[in-house]
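Take a look at the letters that make up each chain.
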Amino acid sequence: DAGVTQSPTHLIKTRGQQVTLRCSPKSGHDTVSWYQQALGQGPQFIFQYYEEEERQRGNFPDRFSGHQFPNYSSELNVNALLLGDSALYLCASSRPTRVAKNIQYFGAGTRLSVL
Amino acid sequence: QQQVKQSPQSLIVQKGGISIINCAYENTAFDYFPWYQQFPGKGPALLIAIRPDVSEKKEGRFTISFNKSAKQFSLHIMDSQPGDSATYFCAASKSGGSNYKLTFGKGTLLTVNP
């Protein structure tokens, strides 16, 4: 059973560029959340997708957008990259049930470096 | 506003010792408290979690203690091993409505010396 997979593993971009990160959830999971983890910090919630719609959003600017596909996979897009966007971007999947509402499983992340 | 405060920032323990990491939260609506373990170059892995209807949960060498009145919870790692050396994050979330996002602490870097 494959876990949460993310691609690419590493990415180098320059300021002003745009980037797309991809995530495939764990088998059986229908909800995908994205987090940004700066060096030495805990993950910060960006947004969550369920049934192809953004269900909840953290305190991130509109430059950060996402999409969920019918097969539950998801993309994170960041426009007009800033140096401060350099971070590890984590995807987490879950299948909220009455008992296991909040259990989220993380992928290994995409390391984005903005030069 | 940091809703989950974690301490210490780093911790060094001898093999066989007990590692203790503490977290405090502010939002009384939080009702799910997981701990994640993260190794360098990897994503966080769920270690153990607790809900506020119990005061303690134990899984192998890992125990969560929960104090609802103090709004604090802690992770205890018994018989700490060098392989436990990693960064540990506490987190919290509330399950009302669609609020399933996790709010993380800043992490504790644990080093277990052989």
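Higher on the page you've got the structure.
Note that the structure is a prediction, hence the values are computed from the model and not measured. (Residues numbered from 1 in each chain as written. Chains lettered and ligands numbered in written order. Predicted model: local features only at pLDDT ≥ 70, side-chain atom pairs only at ≥ 80, totals over all residues. Heavy atoms only, no water.)

Draft legend 1. Representation of the interface of chain A and chain B in the model. Between chain A and chain B, the residue contacts involve 22 residues of the former and 21 residues of the latter. The contact between chain A and chain B buries some 1,800 Å² in all, and 52% of this surface belongs to carbon and sulfur atoms. Summed over the shared surface of chain A and chain B, the result is zero salt bridges. Those elements that place two or more of their residues in the side of chain A that touches chain B are β4 (31–37), β5 (44–50), β6 (53–57) and β9 (87–94) of chain A. The residue makeup of the side of chain A that touches chain B, split by class, is eleven nonpolar, nine polar and two charged. (Contact = heavy atoms within 4.5 Å. Buried area = accessible area lost by both parts, 1.4 Å probe. Salt bridge = Lys/Arg side-chain N within 4 Å of Asp/Glu carboxyl O. Helix = DSSP H or I, 4+ residues; strand = E, 2+ residues; numbered from the N terminus. Nonpolar A, V, L, I, M, F, W, Y, C, P; charged D, E, K, R; others polar.)

Draft legend 2. Region of interest: the sheet that holds strand β1 (residues 4–7) of chain B. Residues and elements named next belong to chain B. Spatial strand order, β1-β3-β8-β7-β6: five strands in an open sheet with antiparallel pairing. Across the chains shown, the open sheet's two edge strands, defined by having one partner strand only, are β1 and β6 (56–59). Adjacent strand axes in the sheet meet at a mean angle of 15° when their direction is disregarded. Across six bridges, the pairing between strand β7 (residues 62–67) and strand β8 (residues 72–77) is antiparallel. Counted as the bridge partner of Ser-65 is Ser-74 from β8. (Pairing = 2+ DSSP bridges. Axes fitted to C-alpha atoms, helices over the stretch in contact; angles between N-to-C directions.)

Draft legend 3. Here's a closer look at a nonpolar patch on the surface. Residue and element names in this part refer to chain B. The grouping of Ile-18, Ile-20 and Met-78 at the surface amounts to a nonpolar patch, some 240 Å² of accessible area in total. Considering the arrangement of structural elements, one finds Ile-20 in strand β3 (residues 19–25). Overall, the relative accessible area of 37% leaves Ile-20 in the partly exposed class. (Patch = residues over 30% accessible without salt bridge, like charges linked within 9 Å, V, L, I, M, F, W, Y side chains within 5 Å. Areas by Shrake-Rupley, 256 points an atom, 1.4 Å probe, with all protein chains shown as cover. Buried < 20%, exposed > 50% of the residue type's maximum accessible area, 1.4 Å probe, protein only.)

Draft legend 4. Spotlight on the sheet that holds strand β7 (residues 64–68) of chain A. Residue and element names in this part refer to chain A. Strand order in the open sheet formed by four strands is β1-β3-β8-β7, with antiparallel pairing between adjacent strands. One side of each edge strand has no neighbouring strand; the edge strands of this open sheet are β1 (5–7) and β7. Sheet twist, expressed as the average angle between the axes of neighbouring strands with direction ignored, equals 20°. Pairing geometry for β7 and strand β8 (residues 74–78), over five bridges, is antiparallel. Within the sheet, the bridge partner assigned to Gln-68 lies in β8 and is Ser-74.

Draft legend 5. Looking closely at the side chain of Asp85(A). All names here are of chain A. In this fold, Asp-85 is placed in the loop between β8 and β9. Take Asp-85: its relative accessible area is 4%, and that puts it in the buried class. Of note is the side chain of Asp-85, whose polar atom sits 2.8 Å from the backbone nitrogen of Leu-82. Beyond its immediate chain neighbours, meaning those up to four positions away, Asp-85 contacts Gln-36, Arg-63, Phe-64, Val-78, Ala-80, Leu-112 and Val-114. (Polar contact = N/O pair within 3.5 Å; in protein donor to acceptor, adjacent residues only side chain to side chain.)

Draft legend 6. Molecular detail of the state of the cysteines. Residue and element names in this part refer to chain A. Throughout the structure, instances matching the rule amount to two disulfides over all chains. Here Cys-23 connects covalently by a disulfide to Cys-91, the sulfurs 1.8 Å from one another. Looking down the S-S bond of the Cys-23 and Cys-91 bridge, the torsion is -60°, so its handedness is left-handed. Remark: Cys-91 occurs in strand β9 and Cys-23 occurs in strand β3 (residues 19–24); sequence separation between them is 68 residues. (Disulfide = S-S within 2.5 Å.)

Draft legend 7. The arrangement of the pattern of salt bridges in detail. Residue and element names in this part refer to chain B. What the rule picks out here adds up to five salt bridges over all chains. Measuring nitrogen to oxygen at the nearest pair gives 3.7 Å for the salt bridge that ties Lys-57 to Glu-59. Exposure remark for Lys-57: the relative accessible area of 32% places this residue in the partly exposed category. By relative accessible area, which is 37% here, Glu-59 ends up partly exposed. Note that Arg-61 and Asp-84 form a salt bridge whose closest N and O atoms lie 2.8 Å from each other. Taken as a pair, Arg-61 in the loop between β6 and β7 and Asp-84 in the loop between β8 and β9 (86–92) lie far apart in primary sequence, 23 residues in all. Looking at Arg-61, the relative accessible area reads 27%, which means it is partly exposed. For Asp-84, a relative accessible area of 5% translates into the label buried.

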